[in-house]
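# Overview (structure and organization)
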Amino acid sequence: RKEVEQDPGPFNVPEGATVAFNCTYSNSASQSFFWYRQDCRKEPKLLMSVYSSGNEDGRFTAQLNRASQYISLLIRDSKLSDSATYLCVANAGGTSYGKLTFGQGTILTVHP
Amino acid sequence: DTAVSQTPKYLVTQMGNDKSIKCEQNLGHDTMYWYKQDSKKFLKIMFSYNNKELIINETVPNRFSPKSPDKAHLNLHINSLELGDSAVYFCASSQRQGTVEQFFGPGTRLTVL
């Protein structure tokens with residue numbers, strides 16, 4: 001089983017749609033979680049951190065459920081510029097703190 | 001100014017050759033990383049250095065040897081290149097060990113023929 005698993009998609013949605021991505025992780029010792037965004041043929045960039053209480057940044061909402069080892073990302077009012085691959089990331093705990101494990105990514109295409 | 005830079009951007013070479021990829025960061029960060037992103041798009045950590053000291057060394061063939069001459073540079077040397085080494089290699093840095101926001105370089109697309 002992969003340490004971080006995501007539905008690879010692709011998700012094809014019209015502008016203005018709401019779309020949700022899910023992610024599960026297998027290492028219960030993982031301490032913190034993130035969503036990175038990677039545009040086609042570009043480097044990954046941090047989109048947002050994920051907190052147990054849920055957190056929001058504009059149109060983006062991230063949620064963590066530690067009991068189910070499940071992470072989600074909700075994008076509201078999708079824009080064309082949201083088209084990218086979204087990478088779910090877990091940060092290992094203990095002596096491996098700082099070691100990020102990436103999921104394979106979920107591809108999102110927003111069309112007019 | 002580019003925060004994390006890598007050279008070359010593209011590298012096409014024959015099997016069996018030895019090649020190096022260079023990485024530099026001008027962010028003043030203490031920690032640097034090498035990742036490999038394969039054709040299935042999985043991004044996997046290979047190595048991490050903190051202040052020139054190796055701290056993460058994943059299960060990587062010993063044909064891969066990182067070198068950090070100072071904390072702003074982390075180079076990757078690959079001996080006896082194989083077809084399976086074809087991938088995009090990303091360098092990244094973070095402020096210190098355990099800081100989770102990592103800044104990635106633009107990647108080096110390596111093709112082994």
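A few points on the structure.

### Considerations on the interface of chain A and chain B
Every contact between the two is made by 18 residues of chain A and, on the other side, 21 residues of chain B. Interface area for chain A against chain B, summed over the two sides, is near 1700 Å², with a carbon-plus-sulfur share of 58%. Three residues, A:Arg41, A:Lys99 and A:Phe102, lead the burial of chain A against chain B; their summed loss comes to 28% of the area buried on that side. Counting across the interface, chain A meets chain B through one salt bridge. Among the ionic pairs, B:Glu58 bridges to A:Lys99, the shortest N-O distance being 3.2 Å. Where chain A touches chain B, the interface holds three residue pairs in polar contact (both at pLDDT 80 or more).

### Some details on the state of the cysteines
Applying the stated criterion across every chain yields a total of two disulfides over all chains. Disulfide pairing places A:Cys23 opposite A:Cys88 at an S-S distance of 2.0 Å. Taking the sign of the S-S torsion, -80° for the link of A:Cys23 and A:Cys88, the bridge is left-handed. One end of the pair, A:Cys23, is in strand β3 (residues 19–25); the other, A:Cys88, is in strand β9 (residues 84–91), and 65 residues separate them in sequence. The exposure classification of A:Cys23 matches that of A:Cys88, with both residues buried. A sulfur-sulfur distance of 1.8 Å marks the disulfide that ties B:Cys23 to B:Cys91. Note on the B:Cys23 and B:Cys91 pair: the S-S dihedral is about -75°, so by sign convention the disulfide is left-handed. Within this pair, whereas B:Cys23 is found in strand β3 (residues 19–25), its partner B:Cys91 is found in strand β9 (residues 87–94), the two being separated by 68 residues in sequence. Looking at B:Cys23, the relative accessible area reads 1%, which means it is buried. Residue B:Cys91 is classed as buried on the basis of its relative accessible area of 0%.

Procedures and definitions
Residues numbered from 1 in each chain as written. Chains lettered and ligands numbered in written order. Predicted model: local features only at pLDDT ≥ 70, side-chain atom pairs only at ≥ 80, totals over all residues. Heavy atoms only, no water. Contact = heavy atoms within 4.5 Å. Buried area = accessible area lost by both parts, 1.4 Å probe. Salt bridge = Lys/Arg side-chain N within 4 Å of Asp/Glu carboxyl O. Polar contact = N/O pair within 3.5 Å; in protein donor to acceptor, adjacent residues only side chain to side chain. Disulfide = S-S within 2.5 Å. Helix = DSSP H or I, 4+ residues; strand = E, 2+ residues; numbered from the N terminus. Buried < 20%, exposed > 50% of the residue type's maximum accessible area, 1.4 Å probe, protein only.

None of this, on its own, says anything about what the molecule does.
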